[in-house]
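Chains, contacts and geometry: an overview
Chain by chain, the residues run as shown.
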Amino acid sequence: MRKLVVYTLLSLDGVAESPDRYLFNFDEEMYANLSRVIDAQDTVLLGRRMYDEWAPYWTTSTDEPFASFINGVRKYVITSTEPTQPWANTTVVSGPLTPFVQDLKARPGRDIGVHGSIQLARSLFDANLVDELRLLIAPAVAGAGRKLFSDDTSLRKLRLLRAAKTSSGGLLVDYEVLNPA
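Presented here is a report on the structure given in the accompanying data block. (Residues numbered from 1 in each chain as written. Predicted model: local features only at pLDDT ≥ 70, side-chain atom pairs only at ≥ 80, totals over all residues. Heavy atoms only, no water.)

A short note on unusual backbone geometry
Peptide bonds are, in most cases, trans, and in most cases residues other than glycine have a negative phi. Between glutamate 64 and the following residue, proline 65, the backbone shows a cis peptide bond with an omega angle of 15°. Topologically, proline 65 is positioned in the loop between α2 (48-58) and α3 (66-72). You will see that asparagine 128, though not glycine, has its phi angle at about 60°, which is positive. Topologically, asparagine 128 is positioned in the loop between α5 (118-126) and β6 (132-137). Classification of asparagine 128 as partly exposed rests on a relative accessible area of 30%. (Helix = DSSP H or I, 4+ residues; strand = E, 2+ residues; numbered from the N terminus. Buried < 20%, exposed > 50% of the residue type's maximum accessible area, 1.4 Å probe, protein only.)

Here's the deal with the environment of proline 19
Within the element layout of this structure, proline 19 appears in the loop between β1 (4-10) and α1 (28-39). Measuring from C-alpha to C-alpha, the distance between proline 19 and alanine 138 comes to 8.7 Å, with 119 residues separating the pair along the chain.

Considerations on the side chain of histidine 115
Note on placement: histidine 115 falls in strand β5 (residues 111-115). For histidine 115, the side chain forms a polar contact with the side chain of glutamine 41, separated by 2.8 Å. Ignoring anything within four residues of it in the chain, the contact list for histidine 115 reads Tyr7, Val37, Ile38, Gln41, Val44, Leu45, Leu46, Met50, Trp54, Phe66 and Phe69. (Polar contact = N/O pair within 3.5 Å; in protein donor to acceptor, adjacent residues only side chain to side chain. Contact = heavy atoms within 4.5 Å.)

Thoughts on α5
Since the α-helix packs 3.6 residues into each turn, any two residues three or four apart lie on the same face. Those residues of α5 not exposed but buried are Ile118, Leu120, Ala121, Arg122, Leu124 and Phe125. A positive backbone phi angle near 60° is found at asparagine 128, which sits one or two residues after α5.

Some words on the pairing of strand β7 (residues 157-165)
Remark: a regular strand shows side chains that alternate across the two faces of the sheet. Where β7 meets strand β8 (residues 171-178), eight bridges bridge the pair, whose relative direction is antiparallel. Paired with alanine 163 across the strands is valine 173, a residue of β8. Linking β7 back to β8 in an antiparallel pair, the connection comprises five residues, with glycine 169 at a positive phi of about 95°. (Pairing = 2+ DSSP bridges.)

Points about the packing of aromatic side chains
Applying the stated criterion to the full structure yields nine aromatic pairs. Seen in terms of ring centroids, tyrosine 76 and phenylalanine 100 are 5.1 Å apart; in terms of plane orientation they differ by 65°. Their pairing is edge-to-face. Taken together, the residues tyrosine 76 in strand β3 (residues 74-78) and phenylalanine 100 in helix α4 (residues 97-106) connect sequence positions 24 residues apart. Following the ring pairs from residue to residue traces out a cluster consisting of Trp54, Tyr57, Trp58, Phe66 and Phe69. Note that lysine 75 overlies the ring of tryptophan 87, its terminal NZ or CZ placed 4.8 Å from the centroid. We note arginine 156 situated over the ring of phenylalanine 125; from NZ or CZ to the ring centre the distance is 4.4 Å. (Phe/Tyr/Trp six-rings, centres within 6.5 Å; stacked < 30°, edge-to-face > 60°. Lys NZ or Arg CZ within 6 Å of the ring centre and 35° of its normal.)

Quick look at the structure:
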């Protein structure tokens, strides 16, 4: 079975929204970590909000290694309405999320990634569909903004798979999500 991996940039206080506000230096270790994450993925799930933010930028971007990855990878946008901005390799998913993701995980392939889609990541986590969290924690407190987990997220145990510091003071932390039986 394929793994569903949530890769998110966070401030030290858990804010995932607008990482450009608190992540000041994307260093060599962070780029190497990003390459490690995307090299293991052949599918990406995006929420509508992230799709609308990313499609205009990434379709013409040359920012590597992510531009080649995100433009070439199979993308599923979770939305009830058709996006207006076209993006290669994109399929709209408007039906129920849980059975779609369960079916996707059962298909052959590499990891399924969720990048930056906060509400989608929360929904997948709450539905016990997330297998791993790969977090880049910036050495800054954002103070305000949407967090990866809401106040009503239920208790879930995690198992540390990897932890490393970066030259700019960030933390790279990978957790296995121990889903309830």
